[in-house]
Amino acid sequence: TGILAAAKVIPTTGVEQLEEYRSEIDILSRVVHSNIIRLLDAIYSKDQTLWVMLEWCEGGALDAGMILMDKPLEEPQLQVIARHSAEALNFLHSKMVIHRDIKAGNLLLTNEGIVKLADFGVSVQNDHRDEKRTTFIGTPYWMAPEVVMCETFKDVPYDSKCDVWSFGITLIELAQLEPPHHDMNPVRVLLKIPKAETPTLDHPENWSREFSLLLKLCLKKDPKARSTAGEL
């Protein structure tokens, strides 16, 4: 078609290894939304290389953008990002998909200023709305308490509300350059998340009451008390 695409090029050892990537391709082929990265094609070449062709986002990832600017984002920018991300999550959850790795590094920006949720490598497709998961997966600093706990207590599963917690942590990351506890070892962070006080902004007085309220709705230890992406 002549349009630009981002190519995710994955060498494989054969057809068996393709199964590892099939879930991501299947999910991406089903979740078509203006705030989710679009799958253009998936090609398996003769040299056993998988090419996943994705929509090209010229602005790159939001965390890389902050590093380039050497400063966090301002509230008007955060308002747009929060809205676009919540729209993406609301759509995903309506399709019974849990992303499981929401963070600034997985939010991409187009030249038109549209935020796109990307990287569905650890995402999961549920078969029914009340299905819960027990897989310990994600990136420690953004991980919801119930996901951390499921490593120890397999009888305490989690659902899509874990994405809402990660979304709240991502907003703090965008406002302050780093997620909470960023200076700690990842293993220590995993011990701290379930026990520590709920993360907040370092200087809430510098932000609007609406932003503080949004974070409060996302970052409740009890997932049942957390807002849904649609409510946010």
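Everything quoted here is computed from the prediction, not taken from an experiment.

Caption draft 1: View of the pattern of salt bridges. Scanning all chains against the criterion turns up five salt bridges. E24 serves as the salt-bridge partner of K8, at 2.8 Å between the closest nitrogen and oxygen. Remark: E24 occurs in helix α1 (residues 15–30) and K8 occurs in strand β1 (residues 5–11); sequence separation between them is 16 residues. According to the relative accessible area criterion, E24 is buried, its value standing at 11%. Here D101 ties to K103 by a salt bridge, and the two come within 3.9 Å at their closest N and O atoms. Residue class for D101 comes out buried when judged on its relative accessible area of 12%.

Caption draft 2: Main features of the sheet that holds β1. In spatial order, the strands read β1-β3-β2; together these three strands make up an open sheet with antiparallel pairing. One side of each edge strand has no neighbouring strand; the edge strands of this open sheet are β1 and β2 (39–44). Geometrically, the sheet is characterised by an average inter-axis angle of 15 degrees between neighbouring strands, direction not taken into account. As defined by bridge partners, β2 adjoins strand β3 (residues 49–55) across five bridges and the pair is classed as antiparallel. Note that in β3 the partner of L39 across the bridge is L54. Along the sheet, α1 contacts β1, β2 and β3; its crossing angle with β2, the most-contacted strand, is approximately 165 degrees.

Caption draft 3: Spatial organisation of the confidence of the model for the protein. Model confidence for the protein is summarised by a mean pLDDT of 86, while 90% of its residues fall at 70 or above. Counting interchain partners and residues more than four positions distant, the pLDDT-below-50 stretch residues 130–134 has 16 contacts.

Caption draft 4: Fine view of unusual backbone geometry. The backbone of Q48 shows a phi angle near 60 degrees, a positive value even though the residue is not glycine. Summarising the element assignment, Q48 is placed in the loop between β2 and β3. For Q48, a relative accessible area of 34% translates into the label partly exposed.

How each quantity is defined
- Residues numbered from 1 in each chain as written.
- Predicted model: local features only at pLDDT ≥ 70, side-chain atom pairs only at ≥ 80, totals over all residues.
- Heavy atoms only, no water.
- Salt bridge = Lys/Arg side-chain N within 4 Å of Asp/Glu carboxyl O.
- Helix = DSSP H or I, 4+ residues; strand = E, 2+ residues; numbered from the N terminus.
- Buried < 20%, exposed > 50% of the residue type's maximum accessible area, 1.4 Å probe, protein only.
- Pairing = 2+ DSSP bridges.
- Axes fitted to C-alpha atoms, helices over the stretch in contact; angles between N-to-C directions.
- Contact = heavy atoms within 4.5 Å.
- pLDDT = per-residue confidence, 0-100.

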